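A look at the structure
These are the residues of each chain, in order.
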Amino acid sequence: KEGGSRPSSSNTGAQAKRLLPFDGRYCGLMLPVLEDGGLADMNLKASDLLLISSCCGVGIDCLPLGRSTSTEQIARLMCDVASLAYRGRKPLSCRVFVCPECDPGERTQFDSPYLCNATVQSL
């Protein structure tokens, strides 16, 4: 991973707000890990996506999780996203994919024109 992603993403978010200055809209930098080949290769973790969401992102989108991920872990992640949304006074989403055949560190094996293969993460 290269440094400097937060200033770049922050600038993108600021430009979006300048162009669409209406409050209450779901507007920000979307980073759908499993829908973008470049993002899929970056090995982004939930903590990376939360950090970006604190300044301009729209939450956690298409993050692949391993089969050992518990419902409690997912619930805690959703609480983190909700807390960040509340404090930032902006809507955020939390869309994760639990991959039942993969462990953290392995790559997904999707055969889909709509999903990219990425490294499965743990929480």
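Everything here concerns the structure above.
In what follows, the accompanying structure is described.

Conventions and cut-offs
- Residues numbered from 1 in each chain as written.
- Predicted model: local features only at pLDDT ≥ 70, side-chain atom pairs only at ≥ 80, totals over all residues.
- Heavy atoms only, no water.
- Salt bridge = Lys/Arg side-chain N within 4 Å of Asp/Glu carboxyl O.
- Helix = DSSP H or I, 4+ residues; strand = E, 2+ residues; numbered from the N terminus.
- Core = buried A, V, L, I, M, F, W, Y, C linked by side-chain atoms within 4.5 Å.
- Buried < 20%, exposed > 50% of the residue type's maximum accessible area, 1.4 Å probe, protein only.
- Contact = heavy atoms within 4.5 Å.
- Disulfide = S-S within 2.5 Å.
- Polar contact = N/O pair within 3.5 Å; in protein donor to acceptor, adjacent residues only side chain to side chain.

1. Describing the pattern of salt bridges
Enumeration according to the criterion identifies four salt bridges in this entry. Measuring nitrogen to oxygen at the nearest pair gives 3.0 Å for the salt bridge that ties Asp-103 to Arg-67. With Asp-103 in the segment after strand 2 (93-98) and Arg-67 in the loop between strand 1 (59-65) and helix 4 (71-88), the pair connects residues that are 36 residues apart, well separated along the chain.

2. Points about the nonpolar core
Membership of the largest hydrophobic core comes to 22 residues, with the highest contact counts inside it found for Val-33, Leu-49, Ile-60 and Leu-63. Among the elements of the structure, helix 2 (37-40), helix 3 (46-53), strand 1 and helix 4 are those that each provide at least two residues to this core. Dropping the residues within four chain positions of it, Leu-49 is found in contact with Leu-31, Val-33, Leu-44, Gly-59, Ile-60 and Leu-63.

3. Details of the environment of Ser-68
Relative to the elements of secondary structure, Ser-68 occurs in the loop between strand 1 and helix 4. C-alpha of Ser-68 to C-alpha of Ser-122: the two residues are 54 residues apart in sequence and 8.3 Å apart in space. Other than its neighbours up to four places away in sequence, Ser-68 contacts Gln-73 and Pro-104.

4. Regarding the side chain of Thr-119
Assignment of secondary structure puts Thr-119 in the segment after strand 2. Ignoring sequence-local partners within four residues, the contact set of Thr-119 consists of Ala-40, Asn-43, Pro-64, Gly-105, Glu-106 and Arg-107.

5. Focus on the state of the cysteines
Here the structure, examined in full by the defined rule, presents zero disulfides. With no disulfide of its own, Cys-99 lies closest to Cys-102 among cysteine sulfurs, the gap being 5.2 Å. For Cys-99, a relative accessible area of 1% gives the class buried.

6. Overview of the side chain of Thr-69
Structurally, Thr-69 is set in the loop between strand 1 and helix 4. At 2.8 Å, the side chain of Thr-69 and the backbone oxygen of Gly-66 are in polar contact. Residue contacts for Thr-69: discarding those within four places in its chain leaves Ile-74 and Leu-123.

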